[in-house]
Amino acid sequence: MFIMKKTLVVLVLIAFCQVTLGQDFRIRIGEIEFFGINGFDVGSIRASMPSVVGREVSKAELDQVKVAIGEAVRKVTGHSPTDVAVVCCDARGMATIYIGLSNQMASGAFRYKPSPSGSVRLSDQAVRLYAATTQLDIEALQKNATEDRSKGYALSMYPPLRAKQLVLRKYAITHEELVRRVALRSADSKQRAIAADIVGYARRSRSQISTLVSASRDPDEGVRNNAVRALGVLVEAGAVTVETISAGLFIDMLNSGTWTDRNKASHLLVVLSKRRDPRLQHQLRLRALASLIEMARWRDPKHADDARFILGRVAGLPENQLVKMVAGGEVERIVSAAQHPR
């Protein structure tokens, strides 16, 4: 049985599902990281921002910090940040703020599909089930619960969540066509996000995979997050390979101006790259080397290690050596090897 720790992040999950944060909500800021740097003066941006590293902030104060970050980015770059993602938590229990800088219309940026306009919707039963599962997801994260992904869908070791996930699996199997249509055609982005998550619990099929791949280019961040996460689970179970999906889509996703896109794409590609397909490695170097280097230099290993492994494989480092280098935090050696392959 393949078991791993959950890779969702509490504050991003809360934002997607619109769970109301209480007045006593507070979080301590540990680090500020950047992506899409493209030669921008990060030092000047930091100097223009309020000093928040190490501070414990309320929800209202966090909103003010995000506004100040936007102003600092505009002052230096001439445009707003593409993303200001607050992600919890690092090994110290602190949140990291990830700031996207590059203009999303730049060459090589990840492109979204047009917004769908259909009226199809899920049942109220499905929406309530998803809401209950999401609340239990947060509880499982707080309890540091592991999950089994060997079946191609996530089953938590936290019993209340596992029970709901099994109900979700039953719903997905008995409503496959409806769920796929909502994921691809509904005008309501919340409905699409819920449906994309449920599709991950359906039977393994070409239709399931093609729906998730298509939803991975949805204009809504929550839909993309749920779709790529579901694909990642299928990849880990061996149900999806480089040959069954267009890996190029997810390589481009590494260049996205949205943090969750990069996070989920790197997790998908770190599994796909284990086979060291020369074509995949060539495309990763050609289309996403700079983005992978930025991500590898992030300080939280939970969010950086996938990029470090991908870079090491692109560089041709032996897997056993690469495992030791990643565990030892030898980031610059990995980066240098990727920049100057043998």
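Before reading on, note that the structure itself is shown above.
All values reported here derive from a predicted model rather than from experimental measurement.

Description of the pattern of salt bridges
Side-chain pairing between opposite charges can occur once the charged atoms of the two side chains come close. By the definition in use, this model includes 26 salt bridges. For Arg-149, the salt bridge identified is with Glu-147, shortest N-O distance 2.6 Å. In this structure, a network of salt bridges that share partners links the residues Glu-31, Glu-33, Asp-90, Arg-92 and Arg-299.

Overview of the pairing of strand 5 (residues 95-100)
Counted residue by residue, strand 5 has 6 buried out of 6 residues, so it is predominantly covered. Across the two faces of strand 5 the burial is the same, with Ala-95, Ile-97 and Ile-99 and Thr-96, Tyr-98 and Gly-100 all buried. Bridge count for strand 4 (residues 83-88) against strand 5 is 6 bridges, and the pairing is antiparallel. Within the sheet, the bridge partner assigned to Asp-83 lies in strand 5 and is Gly-100.

Some thoughts on the state of the cysteines
Here a disulfide denotes a covalent bond joining the sulfur atom of one cysteine to the sulfur atom of another. Throughout the structure, instances matching the rule amount to 1 disulfide. Across the disulfide, Cys-88 is cross-linked to Cys-89 (sulfur-sulfur distance 1.4 Å). Here Cys-88 falls in the buried class, since its relative accessible area comes to 9%.

Observations concerning the pairing of strand 2 (residues 26-35)
Across the 10 residues that make up strand 2, a large majority, 8, are buried. Here 3 bridges tie strand 2 to strand 3 (residues 56-58), and the two strands are oriented antiparallel to one another. Of the residues in strand 3, the one forming a bridge with Arg-28 is Glu-56. Pairing geometry for strand 2 and strand 5, over 6 bridges, is parallel. Its bridge partner lying in strand 5, Glu-33 is registered against Tyr-98.

Topic: the sheet that holds strand 3
Pairing within the open sheet is mixed, and its 4 strands lie in the order 3-2-5-4. On the outer flanks of this sheet lie strand 3 and strand 4, each paired with one strand and no other. Across the sheet, the axes of successive neighbouring strands diverge by a mean angle of 45 degrees, strand direction being ignored. Along the sheet face, helix 11 (residues 259-272) touches strand 2, strand 4 and strand 5 and points at about 55 degrees away from the line of strand 4.

Considerations on the packing of helix 4 (residues 124-142) against helix 5 (residues 159-174)
Where helix 4 contacts helix 5, the two axes come as close as 9 Å, and the packing angle between them is 150 degrees. By the angle between their axes, helix 4 is roughly antiparallel relative to helix 5. Classified by chirality, the crossing of helix 5 by helix 4 is left-handed. On helix 5, the residues that touch Gln-125, Ala-126, Leu-129, Ala-132, Thr-133, Leu-136, Asp-137 and Ala-140 of helix 4 are Pro-160, Leu-161, Lys-164, Gln-165, Val-167, Leu-168 and Tyr-171. In the contact of helix 4 with helix 5, the residues fall into 10 nonpolar, 3 polar and 2 charged.

A closer look at the nonpolar core
Core analysis: the largest hydrophobic core is formed by 80 residues, its most contacted members being Leu-122, Ile-198, Leu-231, Phe-250, Leu-269, Leu-284 and Leu-311. Of all the elements, helix 12 (residues 278-296) adds the most residues to this core, at 8 residues. Contacts of Leu-269, omitting those with residues within four sequence positions, involve Ala-247, Phe-250, Ile-251, Leu-254, Leu-280, Leu-284 and Ile-310. Within the second largest apolar cluster, 22 residues are counted, among which are Leu-62, Val-65, Val-73 and Val-86.

Rules used throughout
- Each chain has its residues counted from 1, running along the sequence as written.
- Predicted model: local features are reported for residues with pLDDT of at least 70 only, side-chain atom pairs are reported and counted for 80 or more only, and whole-chain, interface and lining totals are derived from all residues.
- As a rule here, side-chain values come from all non-hydrogen atoms in the structure, and water together with hydrogens is ignored.
- Salt bridge, as used here: a side-chain nitrogen of Lys or Arg that lies within 4 Å of a carboxyl oxygen of Asp or Glu.
- Buried, partly exposed and exposed residues are distinguished by accessible area as a fraction of the type maximum, computed with a 1.4 Å probe on protein chains only: under 20%, between the cut-offs, and over 50%, respectively.
- Think of it this way: any DSSP run of H or I at least four residues long counts as a helix, any run of E at least two long counts as a strand, and we number them from the N terminus.
- Should DSSP find at least two bridges between two strands, the strands are regarded as paired.
- Two cysteine sulfur atoms make up a disulfide if the distance between them is within 2.5 Å.
- Lines fitted to C-alpha atoms define the axes here, with helix axes fitted over just the stretch in contact, and angles between the N-to-C directions of these axes take values from 0 to 180 degrees.
- Residues are treated as being in contact if the distance between any of their heavy atoms lies within 4.5 Å.
- Note on terminology: angles under 35 degrees are roughly parallel, angles over 145 are roughly antiparallel, angles of 65 to 115 are roughly perpendicular, and the others are oblique.
- Less than a right angle of anticlockwise turn of the near helix away from the far helix marks a crossing as left-handed, whereas a clockwise turn marks it as right-handed.
- Each residue receives one of three labels: charged for Asp, Glu, Lys and Arg, nonpolar for Ala, Val, Leu, Ile, Met, Phe, Trp, Tyr, Cys and Pro, and polar for the others, Gly being one of them.
- Buried Ala, Val, Leu, Ile, Met, Phe, Trp, Tyr and Cys residues form a nonpolar core when they are joined through side-chain atoms within 4.5 Å.

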